Amino acid sequence: MKFPLSRNKDFWAGVMLIAIGAGALFIARDYRFGSALRMGPGFFPTILSVILIAFGVCITAVSLRSGEKIKGNLSLRAFLLLPLSLLLFGVLMDLAGFIPALAVLVFVSAASGKEFKATEVLLLTTVLTAASVALFIWGLGLPYPLIKGF
Amino acid sequence: MELFNNLVFGFGVALSLQNLLYCLIGCLVGTLIGVLPGIGPMATIAMLLPLTYNVPPVAAMIMLAGIYYGAMYGGSTTSILVNLPGETASVITCIDGYQMAKQGRAGAALAIAAGGSFFAGTVCTLIVAMFGPPLANMALQFGSPEYFSLMLMGLVTAAVLAQGDMLKSLAMVVLGLLLGIVGSDVDSGIKRFCFGVFELADGIGFVIIAVGVFAVGEIISNLSDPEERVVFTSNVGSLYPTRQDLKQSVTPILRGTVLGAFLGILPGTTPSIATFASYMIEKKVAKDPSRFGHGAIEGVAAPEAANNADAQCKFIPMLTLGIPASGTMALMLGALMIHGITPGPGVMTSKPDLFWGMIASMWVGNLMLVILNLPLIGMWVSLLKVPYRLLFPAIMVFSAIGIYSTNNASFDVYLAALFGVLGIAWRMFGCSPVPMLLGFVLGPMMEENLRRALQVSNGDPSVFVTRPISLAFIVVSVLILVVMMLPAVKKRRGDIAG
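Residues numbered from 1 in each chain as written. Chains lettered and ligands numbered in written order. Predicted model: local features only at pLDDT ≥ 70, side-chain atom pairs only at ≥ 80, totals over all residues.

Explain the overall build of chain B here, please?
What chain B contains, in helices and strands, is 23 helices and two strands. Whereas a compact globule of 498 residues would reach a radius of gyration of roughly 23 Å, chain B reaches 22 Å, a difference of no more than 12%. Along the first, second and third principal axes, the C-alpha set of chain B runs to 70 × 50 × 50 Å. Across the 498 residues that make up chain B, the buried fraction comes to 61%. Taking the intrachain contacts of chain B between residues at least 6 apart in sequence as the baseline, contacts between residues at least 24 apart amount to 80%. (Helix = DSSP H or I, 4+ residues; strand = E, 2+ residues; numbered from the N terminus. Rg over C-alpha atoms; globule rule 2.2 N^0.38 Å. Buried ≥ 20, exposed ≤ 12 C-beta atoms within 10 Å, placed from the backbone. Contact = placed C-beta atoms within 7 Å.)

Below, the structure is given as structure tokens:
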């Protein structure tokens, strides 16, 4: 094995599948299994979880012999900022209204790219927010408060 | 003639002002995203799904379908002119198409690509019209065991023929099935896997997974592996192919159409596979294979016909049987369900305007695309100059508003963020998310059919193999699995599927 286990993508795939399968199995143990004739709510999930764990074990086993390295890069910045921008959007829609939520969404998303020019991003934020208000609030009539408490 | 009447009816539906408008929008948006690298049909359809809530289902489906095959047309434009595949399937067209452009024959290449695609589109519209009804009629006789086995076969085939490691794809299908179970159990009413979260009582929203994994996840992926974009436009030249070009293109277009149609019906294949296979075949049967890679028009004509044929014939299993043959078809299925239509053989009889209207509008769409693509080429290429960093925040805006507007729930947006993260993790571990989406869409229906099948047979699981049609589906599933595991086939699959 030329590279450590932690860089073995098949290993991680297998581990992830085992973890999810085990988790699902654990949760599903509370659901009545039932019988073939009268399938309970736990029947299908339990069987699926077991199959998933089985796949996970196979994949992990194979990975120990012939796994592939994790390919490609990951922009940590994008990985963290893009989901964060969505989270902020959700929070702000409840707290502050449409315009602040959108502005923060655009700003934080744009910040996740490698090329970040502050003026350009501010301009983009303004344009996109204005266009969205026009399209979604006025055009499509979505009933969201533009700025809460105003 | 029944077929004629149905088609006339279909055109009546497709040519209504509203449906024409939505078809045009779909084709325009489709061409746009086909031209722009970094955003593909899946992300776009996922993103625009919420916008179709208030639109009648026929118009919505027409638009979404237009986006799908429109992207095939758009992708070839940039492949030929700028050596940039706007669409994964267009990579092959770059090879000979761009060479032709460098030789000053870009116009001919574009015309043949559009013409070949249009021919394939017309033929496939007829194929769908001819084979759709008999297929749907046959499926109307299916019982729960047959449906279960059919879905199983569809999922297994999709996992096996799809990109990436076969074992992982099968596992992702199971994962998708589990995700589909989240929510209230129809039978007993108890909430499964809901973690006490109120918003999950109806299950994970389809749009949430679609947008999270395929739009947001795609953006993260693109930002991580940025492509170098050199925008150098070659001279388009005359749009008219020479007689020699036409003569050389006829049989390749025919071959491409047949191959694409066949692959289109198979679950799991993508237009990429169709173009790749078509190119390989053309190279093999050509009298002078050395011309390939240096501007052989067959290398443009056949793959373009193949990818359009594949894209259109992918609709057959979805419209007639309710089985999604690809990730994009799973999105279409999701769109139908959101509009309250249960896909399956019943759709043909219960909503004939949807069925025949969609078929007719596919042809109308192809016609629009040929007209749109050729004269507006300059405009499409100039759009390439829009930098990605301006584009993706717009995608985020559409995605966020779309998800939020489904239930006016912030929770949905948080969940989508989670799926964006998961989507990237899956990609990094080499697990393709498309089989997961297919499993997710079919999960609840599979369980329902399993339950009914076992009830009808009094708990006897052999019902799946004693009924002939069900047995046939199961045998095919097993056969495909076995065949794909044979070392010789495994290697070939690895070459094509990556």
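I would appreciate a short explanation of the overall build of chain A in the present structure.
A count of helices and strands for chain A gives five helices and zero strands. Secondary structure elements of chain A, listed N to C terminal, follow the sequence α-α-α-α-α. Rg of the C-alpha trace for chain A: 23 Å, well past the compact-globule value of 15 Å for 150 residues, more than 25% over. Taken over the C-alpha atoms alone, chain A extends approximately 55 × 50 × 25 Å along its principal axes. Per-residue burial over chain A gives 41% buried out of 150 residues.

Explanation requested: unusual backbone geometry in the structure shown.
Glycine aside, the phi torsion of most residues is negative, and most peptide linkages are trans. Residue and element names in this part refer to chain B. Phi at N408 is positive, roughly 50°, even though this residue is not glycine. Along the chain, N408 falls in the loop between α18 (388-407) and α19 (410-428). Even without being a glycine, N458 presents a positive backbone phi close to 60°. Given 9 C-beta atoms within a 10 Å radius, N458 is considered exposed.

Would you take a moment to explain the nonpolar core for this structure?
One recurring pattern in soluble globular proteins is that nonpolar side chains are buried together. A46(B), M61(B), A210(B) and V211(B) are the most contacted members of the largest nonpolar core, which has 222 residues in total. Counting only domains with at least three residues in this core, you end up with domain 1 (5-66) and domain 2 (76-139) of chain A. Contact partners of V211(B), with chain neighbours within four places excluded, come to A46(B), M47(B), V216(B), S399(B), G402(B), I403(B) and A416(B). (Core = buried A, V, L, I, M, F, W, Y, C linked by C-beta atoms within 7 Å. Domains from an automatic or database assignment.)

What am I meant to see in the environment of V475(B) here?
Residues and elements named next belong to chain B. For V475, the location among the structural elements is in helix α22 (residues 468-485). For V475, a count of 13 C-beta atoms within 10 Å puts it in the partly exposed group. Note: C-alpha distance between V475 and M153 (322 residues apart in sequence) is 8.9 Å.

Mind showing me how you'd approach helix α14 (residues 327-338) of chain B here?
Three or four residues apart is the spacing at which side chains of an α-helix point the same way, because the helix has 3.6 residues per turn. Residues and elements named next belong to chain B. The terminal C-alpha atoms of α14 lie 16 Å apart, and with twelve residues this matches the ideal 16 Å at 1.5 Å per residue to within 8%. Where burial is concerned, most of α14 is hidden: ten out of the twelve residues are buried. Along α14, the residues classified as buried are G327, T328, M329, A330, L331, M332, L333, G334, A335 and L336. On its buried face, α14 sits against α3 (41-48), α4 (57-82), α9 (206-224), α13 (315-321) and α20 (433-456). (Expected span 1.5 Å × (residues − 1).)

Whenever I open this one, the interface of chain A and chain B confuses me. Can you help?
Interfaces are often sized by the accessible area lost when the parts come together. If you look at the interface, chain A gives 57 residues, while chain B gives 52 residues. Per-element accounting of the side of chain A that touches chain B gives the leading share, twelve residues, to helix α3 (residues 76-95) of chain A. When grouped by side-chain class, the residues that make up the side of chain A that touches chain B number 39 nonpolar, 13 polar and five charged. (Nonpolar A, V, L, I, M, F, W, Y, C, P; charged D, E, K, R; others polar.)

Please clarify how the domain arrangement of chain A should be interpreted in this entry.
What the domain assignment reports for chain A is domain 1 (5-66) and domain 2 (76-139). Distance from the C-alpha centre of domain 1 of chain A to the C-alpha centre of domain 2 of chain A: 38 Å.

What is the right way to look at the environment of G56(A) in this model?
For G56(A), the location among the structural elements is in helix α2 (residues 43-66). The exposure class assigned to G56(A) is buried, which follows from the 25 C-beta atoms found within 10 Å. Distance from G56(A) to G34(A), taken between C-alpha atoms, is 26 Å for residues 22 residues apart in sequence. With residues up to four places along the chain from it excluded, the contact list for G56(A) reads G14(A), L17(A), I18(A), G21(A) and A171(B).

How should the environment of L82(A) be read in this particular structure?
Structurally, L82(A) can be placed in helix α3. Residues L82(A) and A36(A), spaced 46 residues apart in sequence, show a C-alpha to C-alpha distance of 45 Å.

Looking at this model, I keep getting lost on the packing of helix α2 (residues 17-35) of chain B against α4(B). Mind explaining?
To describe two helices that pack against each other, one gives the angle between their axes and the distance between the axes. Relative orientation of the contacting elements α2(B) and α4(B) amounts to 35°, with a least axis distance of 6 Å. For the pair α2(B) and α4(B), the sense of crossing is right-handed. (Axes fitted to C-alpha atoms, helices over the stretch in contact; angles between N-to-C directions. Left-handed = near helix turned anticlockwise from the far one by under 90°.)

Help me understand the confidence of the model for chain B, please; the structure alone is not making it clear to me.
In regions of low pLDDT, the predicted coordinates are not meant to be interpreted in detail. Mean pLDDT over chain B works out to 85, with 95% of the residues at or above the 70 mark. Here the predicted complex scores 0.85 on pTM and 0.90 on ipTM. (pLDDT = per-residue confidence, 0-100.)

Could you clarify how one ought to interpret the packing of α3(B) against α4(B) in this entry?
All names here are of chain B. At a minimum axis distance of 10 Å, the contact between α3 and α4 shows a crossing angle of 165°. As summarised for this structure, α3 and α4 are arranged roughly antiparallel, according to the angle between their axes. Handedness of the α3/α4 crossing: right-handed. The residues of α4 that touch α3, namely those facing P41, T44 and I45, are L64, I67, Y68 and A71. For the contact of α3 with α4, a count of residues per class yields six nonpolar, one polar and no charged. (Parallel < 35°, antiparallel > 145°, perpendicular 65-115°, else oblique.)

Sorry if this is basic, but what is going on with α4(B) here?
Residues and elements named next belong to chain B. With 26 residues, α4 extends 37 Å between its outermost C-alpha atoms, agreeing within 8% with the 38 Å of an ideal straight helix rising 1.5 Å per residue. In the structure, α4 departs most strongly from a straight axis at G70, where the bend amounts to approximately 25°. Burial analysis of α4 places 25 of its 26 residues in the buried class, the great majority of the element. Among the residues trailing α4, N83 stands out with phi positive, at a value near 60°. (Bend = angle between axes of the 7 residues up to and from the residue.)

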